[in-house]
There are 2 protein chains.
Amino acid sequence: MSVVQMVKIVGLGAVALTLSVEWLGWLFCRLWPRKISRGPLKEVFFFPTKVACTERLFTPNSPFPCPCPLPHNINTSFTRLLVHILSASSSLDLCVFAFTNLDLSRAVLALHTRGIPIRILTDMDYTLITGSQIGAIRRAGICVRCDSGAVHMHHKFAVVDGRRLITGSLNWTLTAIQSNKENILVTEEPDLVLPFISEFQRLWDVNDPARRHLLSIAEKPASLVL
Amino acid sequence: MSVVQMVKIVGLGAVALTLSVEWLGWLFCRLWPRKISRGPLKEVFFFPTKVACTERLFTPNSPFPCPCPLPHNINTSFTRLLVHILSASSSLDLCVFAFTNLDLSRAVLALHTRGIPIRILTDMDYTLITGSQIGAIRRAGICVRCDSGAVHMHHKFAVVDGRRLITGSLNWTLTAIQSNKENILVTEEPDLVLPFISEFQRLWDVNDPARRHLLSIAEKPASLVL
């Protein structure tokens, strides 16, 4: 067989392979549209959610069944949110207006116990509300910075492992989860995640207490500084 | 030229074309990663935003320059939000907790004047706050339904033309836009948009006043109904 013939055969083989793959892909998408992964993770949950036991998420290897009276082993919007938070393996950056929910606080503390770096940015005024978990989280040694401006740090988003964005209308409070009409959107779409990562870092730097201290010194009249 | 030769030439041509398109696509993505559209629309804006004149968005064909002292012809997070709202050509479904912003109210009224069907779902308690635009919107003839539950209808999302989702932490208020730290995410990704469309329809149906009236009759003791 000459070289020219071999090139032709390989060429035709490549065409056949390309067309087959394209056609099979099209066929799979038509037959099982929901089973074919369409790009990065995208999920939406709505609240209020049914109240269910979340113990299995925190102690998956426990040999004892949970004795609490709540329904067990059911998926709700809230258990899905907890699963996303607990999936963190390298970092959790959280930027949240109000944080009073005990299960979410337990999830953050569990990640901290596993040695996962956590940064929390919150609104100063809302650290003082009844049931705020920020004090307990700080006492556990997690780094928290507060936005103390005259207006609200009204974000409600988290970035898990620098690639998974959790955002929406939901504050991390019991009322928001069990009572209000709320939404959460989870995505790993880089065009949506990267701006939130940049904004978190900007707000984190702006609210660095050391920087604020230096700025307050710079703003004092020269006579006072000298 | 025999048929076999022609098939071979066409085959090789197809291979060359396929490889060229693939390679050119790869090259463009490497050279101009931000210019190549990666699937459906995806945008993120953060607030607070600079205050700028929005007049040109409402009267783009006006021959007179706006005399107001605000900066003109600059893009801000807020002008981008307005552009997305004003882009509606077939429908606007809005589900918002608090609505006091005059520019956003003007945008909704402008769409209504253009004959675009608008549905607004809001929280009953927050229609009573100072500066609420819901009264003016209702008086203009736009269909508004209120969630009058004991808890908050805390969503802040809109669906434009049944395909563009605008969601985030931002209520439609002046404080949220000019003062608070807030976010807005805009996407046409079907996996993210469709759940919001379904949830809007569900809440719209639940808050139908006729349905509520029938339910209230059904709940009355039989003796009273008779």
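Residues numbered from 1 in each chain as written. Chains lettered and ligands numbered in written order. Predicted model: local features only at pLDDT ≥ 70, side-chain atom pairs only at ≥ 80, totals over all residues. Heavy atoms only, no water.

> Explanation requested: the pattern of salt bridges in the structure shown.
Per the stated rule, a full pass over the model turns up 16 salt bridges over all chains. Notably, a salt bridge pairs B:Glu55 with B:Arg106, separated by 3.0 Å at the nearest N-O pair. Of this pair, B:Glu55 sits in helix H2 (residues 55-58) while B:Arg106 sits in helix H4 (residues 102-113), and the two are 51 residues apart along the sequence. B:Glu55 gets classed as partly exposed once you look at its relative accessible area, which sits at 26%. One network of salt bridges, in which partners are shared, links A:Arg163, A:Arg164 and A:Glu188. (Salt bridge = Lys/Arg side-chain N within 4 Å of Asp/Glu carboxyl O. Helix = DSSP H or I, 4+ residues; strand = E, 2+ residues; numbered from the N terminus. Buried < 20%, exposed > 50% of the residue type's maximum accessible area, 1.4 Å probe, protein only.)

> Explain the interface of chain A and chain B here, please?
In this assembly, 40 residues from chain A lie in contact with 40 residues from chain B. Taking both sides of the interface into account, the surface hidden between chain A and chain B amounts to around 3,600 Å²; carbon and sulfur atoms contribute 67%. Between chain A and chain B we count two salt bridges in total. Counting the contacts that link chain A with chain B gives 16 residue pairs in polar contact (both at pLDDT 80 or more). Looking at the side of chain A that touches chain B, the elements with two or more residues in it are helix H1 (3-31), strand E1 (42-47), strand E5 (156-160), strand E6 (164-168), strand E7 (182-187) and helix H7 (190-206) of chain A. Among the residues making up the side of chain A that touches chain B, the classes are represented as 16 nonpolar, twelve polar and twelve charged. (Contact = heavy atoms within 4.5 Å. Buried area = accessible area lost by both parts, 1.4 Å probe. Polar contact = N/O pair within 3.5 Å; in protein donor to acceptor, adjacent residues only side chain to side chain. Nonpolar A, V, L, I, M, F, W, Y, C, P; charged D, E, K, R; others polar.)

> Honestly, the sheet that holds E7(A) in this entry has me stumped. Any pointers?
Sheet strands associate in pairs through backbone hydrogen bonding, adopting either a parallel or an antiparallel arrangement. Residue and element names in this part refer to chain A. The seven strands are arranged E1-E7-E6-E5-E2-E3-E4 in an open sheet whose pairing can be described as mixed. Only two strands of the sheet have a single neighbouring strand rather than two, namely E1 and strand E4 (143-147). Averaged over neighbouring strand pairs, the angle between their axes works out to 10° when direction is ignored. Both strand E2 (residues 92-96) and E5 contribute to a ladder of five bridges, which runs antiparallel. Within the sheet, the bridge partner assigned to leucine 94 lies in E5 and is alanine 158. Packing of helix H3 (residues 77-86) onto the sheet brings it into contact with E1, E2, E5, E6 and E7, and relative to E1 it is tilted by some 135°. (Pairing = 2+ DSSP bridges. Axes fitted to C-alpha atoms, helices over the stretch in contact; angles between N-to-C directions.)

> When you look at the packing of aromatic side chains in this model, what are you seeing that I'm missing?
The relative placement of two aromatic rings is captured by the distance of their centres and the angle of their planes. Here the structure, examined in full by the defined rule, presents ten aromatic pairs over all chains. Between B:Phe200 and B:Trp204, the aromatic rings sit 5.7 Å apart at their centres with planes inclined by 20°, giving stacked as the arrangement. Of this pair, B:Phe200 and B:Trp204 both sit in helix H7 (residues 190-206), four residues apart, which is roughly one turn of that helix. Taken as a pair, B:Phe200 and B:Trp204 share a single burial class, namely buried. Among the aromatic residues, those joined into a ring-pair cluster are A:Phe46, B:Phe157 and B:Phe196. (Phe/Tyr/Trp six-rings, centres within 6.5 Å; stacked < 30°, edge-to-face > 60°.)

> Is there a simple way to explain the environment of B:Val159 in this structure?
Residue and element names in this part refer to chain B. Relative to the helices and strands, valine 159 is located in strand E5 (residues 156-160). For valine 159, a relative accessible area of 2% corresponds to the buried category. Valine 159 has contacts with Ser91, Leu92, Asp93, Arg164, Leu165, Val193, Phe196 and Ile197, leaving out every residue within four places of it along the chain.

> Is there a simple way to think about the packing of helix H3 (residues 77-86) of chain B against H4(B) in this case?
Each pair of packed helices can be described by the angle between their axes along with the distance between the axes. Residue and element names in this part refer to chain B. H4 packs onto H3 with a crossing angle of 20° between their chain directions and a minimal axis gap of 10 Å. Classified by the angle between their axes, H3 and H4 sit roughly parallel to one another. In terms of crossing hand, the pair formed by H3 and H4 is right-handed. Residue-level inspection shows Phe78, Leu81, Leu82, Ile85 and Leu86 of H3 in contact with H4, the latter providing Asp103, Leu104, Ala107, Ala110 and Leu111. When its residues are assigned to classes, the contact of H3 with H4 shows nine nonpolar, no polar and one charged. (Parallel < 35°, antiparallel > 145°, perpendicular 65-115°, else oblique. Left-handed = near helix turned anticlockwise from the far one by under 90°.)

> Whenever I open this one, the environment of A:Ile177 confuses me. Can you help?
Residues and elements named next belong to chain A. By the secondary structure assignment, isoleucine 177 is in helix H6 (residues 174-178). According to the relative accessible area criterion, isoleucine 177 is buried, its value standing at 2%. Here the alpha-carbon distance between isoleucine 177 and proline 48, two residues 129 residues apart in the chain, equals 5.4 Å. Ignoring anything within four residues of it in the chain, the contact list for isoleucine 177 reads Phe47, Pro48, Thr49, Phe78, Asn101, Leu104 and Leu170.

> Explanation requested: the relation of the copies chain A and chain B in the structure shown.
Look at the two chain copies: a rotation about an axis and a shift along it is all it takes to match them. The transform that puts chain A on chain B rotates by 180° and translates by 0.1 Å along the axis, for an RMSD of 0.5 Å. When the rotation and shift are considered jointly, the pair of chain copies conforms to a two-fold rotation axis. Mapped onto chain B, 100% of the interface residues of chain A are again interface residues, and the two copies thus contact each other with one and the same surface. (Least-squares fit on C-alpha atoms with pLDDT ≥ 70 in both.)

> Mind showing me how you'd approach H7(A) here?
At 3.6 residues per turn, the α-helix brings residues three or four places apart onto the same side. When the terminal C-alpha atoms of H7(A) are compared, their 24 Å separation across 17 residues agrees well with the 24 Å that a helix rising 1.5 Å per residue should span. When H7(A) is considered as a whole, its buried residues turn out to be A:Asp191, A:Leu192, A:Val193, A:Phe196, A:Glu199, A:Phe200, A:Leu203 and A:Trp204. (Expected span 1.5 Å × (residues − 1).)

> What's the story with the sheet that holds strand E2 (residues 92-96) of chain B in this structure? I'm lost.
Across the sheet, seven strands lie side by side as E1-E7-E6-E5-E2-E3-E4 (chain B); this open sheet has mixed pairing. In this open sheet, the two strands that pair with only one neighbour each are strand E1 (42-47) and strand E4 (143-147) of chain B. Here the strands of the sheet are splayed against their neighbours by 10° on average, with no regard to which way each runs. Pairing of strand E3 (residues 118-123) of chain B with E4(B), which is carried by five bridges, proceeds in the parallel orientation. What sits directly across from B:Leu121, in E4(B), is B:Arg145. Along the sheet, H7(A) makes contact with E1 and strand E7 (182-187) of chain B, crossing E1(B) at roughly 20°. In the packing of H3(B) onto the sheet, the strands contacted are E1, E2, E5, strand E6 (164-168) and E7 of chain B, and the crossing angle to E1(B) comes to about 135°.

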